[in-house]
Amino acid sequence: MAYIELKDVRFAYPDGHLAVDGVSFSIEKGENVAIVGQNGAGKTTTVKLLNALHYPTDGDVIIDGKTTKGRTTAQVSRTVGYVFQNPDDQIFHSTVLAEVEFGPRMMKLPEEKVKELVDYALKITGMKRFREENPYNLPLSVRKFVTIAAIIAMDCDVLIFDEPTAGQDFNGNKRLSRILRDLAEKGKTLITISHDMVFVADNFSRVIVMSNKKVILDGKPKEVFWNLPALDEAMLKQPYVSRICGALGLSNSVTQMDEAVDLICAACEQ
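An account of the accompanying structure is given in this report. (Residues numbered from 1 in each chain as written. Predicted model: local features only at pLDDT ≥ 70, side-chain atom pairs only at ≥ 80, totals over all residues. Heavy atoms only, no water.)

### Some words on the pattern of salt bridges
Here's step 1: With the rule as written, the count across this model stands at 13 salt bridges.
Here's step 2: Note that Asp8 is salt-bridged to Arg10, the shortest N-O span being 3.0 Å.
Here's step 3: Look at Asp8 and you get partly exposed, because its relative accessible area is 39%.
Here's step 4: The shortest N-O distance in the salt bridge between Arg105 and Glu111 comes to 2.7 Å.
Here's step 5: Each of the salt bridges in this network shares a partner with another, and the network as a whole consists of Asp8, Arg10, Asp21 and Lys214. (Salt bridge = Lys/Arg side-chain N within 4 Å of Asp/Glu carboxyl O. Buried < 20%, exposed > 50% of the residue type's maximum accessible area, 1.4 Å probe, protein only.)

Structural data, given as structure tokens:
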């Protein structure tokens, strides 16, 4: 059995609006997965089902062998941490330090362990120098890293990031990449929603594509970003390096800049 399993999951809001329609996929422990698709595709609702912010209307969500049904969000969040797309939906303390400490303290971890986790989370996110700042005195792009630090400090086995690149500049995206690499090296299972196809191609080994509340494609970046009919259906674009190489007739598999540079240099030499 996979570490995470969604089995023919449907979710409808109380007003009857169907947000997820028959979604099934599994994720192994330690995988690094991106979920992509246009607004309304069902991405955020799907990941909220993974930590019991929602419960499936039909089907089942299994985390580490246990269904989410009958379990509280607090219980599931000890395993699955969720970073909201809008940090203002998550932050409620008056200092960065208090925000990041809150989770591990609520878990009643030993003081030494709390300090270790908080120090690590502040350091990896670059928030250590802001520890005494009120989060709302910081720019939105920085507040996002406060919420990321708060979830990292809980030491969950699974971490979900909802649109972490939104509002970030080049340096912010580089920091996010470093965070993902470091967490992956620690064996964490990572699930990220993103509209940034370049970031997805550069940082994830598996991409799940959603459209119209369903999964329409699931594979490696090279498989996903050169499946043009599926991208059209999901209203997504290839990473720009893929489009350039395709236009030049150089390759039908490039997804990253270093690959494109090698191909273009080889073509120039010929």
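After that view of the structure, there is still more to cover.
### Describing the packing of helix H5 (residues 140-152) against helix H6 (residues 170-185)
Here's step 1: Packing of H5 against H6 brings their axes to within 12 Å, and their N-to-C directions diverge by 5 degrees. Overall, the two elements H5 and H6 adopt an arrangement that is roughly parallel. Contacts between H5 and H6 involve Phe145, Ile148 and Ile152 on the former and, on the latter, Gly172, Arg175, Leu176, Ile179 and Leu183.
Here's step 2: Residues that form the contact of H5 with H6 fall into these classes: 6 nonpolar, 1 polar and 1 charged. (Axes fitted to C-alpha atoms, helices over the stretch in contact; angles between N-to-C directions. Helix = DSSP H or I, 4+ residues; strand = E, 2+ residues; numbered from the N terminus. Parallel < 35°, antiparallel > 145°, perpendicular 65-115°, else oblique. Contact = heavy atoms within 4.5 Å. Nonpolar A, V, L, I, M, F, W, Y, C, P; charged D, E, K, R; others polar.)

### Remarks on the pairing of strand E3 (residues 32-36)
Here's step 1: Most of E3 sits inside the fold, with 5 of its 5 residues counted as buried.
Here's step 2: Alternating residues of E3 divide into Asn32, Ala34 and Val36 and Val33 and Ile35, and every residue in both groups is buried.
Here's step 3: As defined by bridge partners, E3 adjoins strand E8 (residues 189-193) across 4 bridges and the pair is classed as parallel. Across the sheet, residue Asn32 finds its bridge partner in E8, namely Leu190.
Here's step 4: Where E3 meets strand E9 (residues 206-211), 4 bridges bridge the pair, whose relative direction is parallel. Pairing of Ala34 across the sheet is with Val207, part of E9. (Pairing = 2+ DSSP bridges.)

### Focus on the packing of aromatic side chains
Here's step 1: Under the criterion given, the structure shown has 4 aromatic pairs.
Here's step 2: Ring geometry for Tyr82 against Phe84: centres 4.9 Å apart, planes inclined by 80 degrees, an arrangement best described as edge-to-face.
Here's step 3: On the basis of relative accessibility, which here comes to 4%, the residue Tyr82 falls in the buried class.
Here's step 4: Residue placement shows Lys29 over the ring face of Tyr3; its charged tip is 4.3 Å from the ring centre.
Here's step 5: Between the NZ or CZ atom of Lys186 and the centre of the ring of Tyr120, over which it lies, the distance is 4.7 Å. (Phe/Tyr/Trp six-rings, centres within 6.5 Å; stacked < 30°, edge-to-face > 60°. Lys NZ or Arg CZ within 6 Å of the ring centre and 35° of its normal.)

### Notes on the sheet that holds E3
Here's step 1: With respect to topology, 6 strands assemble into an open sheet ordered E6-E7-E8-E3-E9-E10, the strand pairing being mixed. Looking at strand neighbours, the two that pair on one side only are strand E6 (80-83) and strand E10 (214-219), the edges of this open sheet. On average, each strand axis in the sheet is inclined to that of its neighbour by 20 degrees, with strand direction left out of account.
Here's step 2: Strands E3, E6, strand E7 (158-162), E8 and E9 of the sheet are contacted by helix H1 (residues 43-50), whose axis makes an angle of about 155 degrees with E8.
Here's step 3: In this fold H6 packs onto E7 and E8, with an angle of close to 155 degrees to the strand it touches most, E8.

### Section: empty space enclosed by the protein
Here's step 1: Scanning the entire structure with this criterion turns up 2 cavities of 30 Å³ or more.
Here's step 2: The calculated volume of the largest cavity comes to roughly 40 Å³.
Here's step 3: In terms of lining, the largest cavity is formed by Val83, Phe84, Gln85, Lys144, Ile148, Phe161, Asp162, Glu163 and Pro164.
Here's step 4: Elements supplying a minimum of two residues to the lining of the largest cavity: H5 and E7.
Here's step 5: For the lining of the largest cavity, the residue count by class is 5 nonpolar, 1 polar and 3 charged.
Here's step 6: Computed from the structure, the second largest cavity encloses a volume of approximately 40 Å³.
Here's step 7: Considering the residues around the second largest cavity, the lining is formed by Ile148, Phe161, Pro164, Leu176, Ile179, Leu180 and Phe199.
Here's step 8: Looking at the lining of the second largest cavity residue by residue, the class counts come to 7 nonpolar, no polar and no charged. (1 Å grid on protein atoms, 1.4 Å probe; cavity = no way out; pocket = protein on both sides within 12 Å on 5 of 7 lines; lining within 4 Å. Points joined across faces, edges and corners; volume = space filled by probe spheres on them.)

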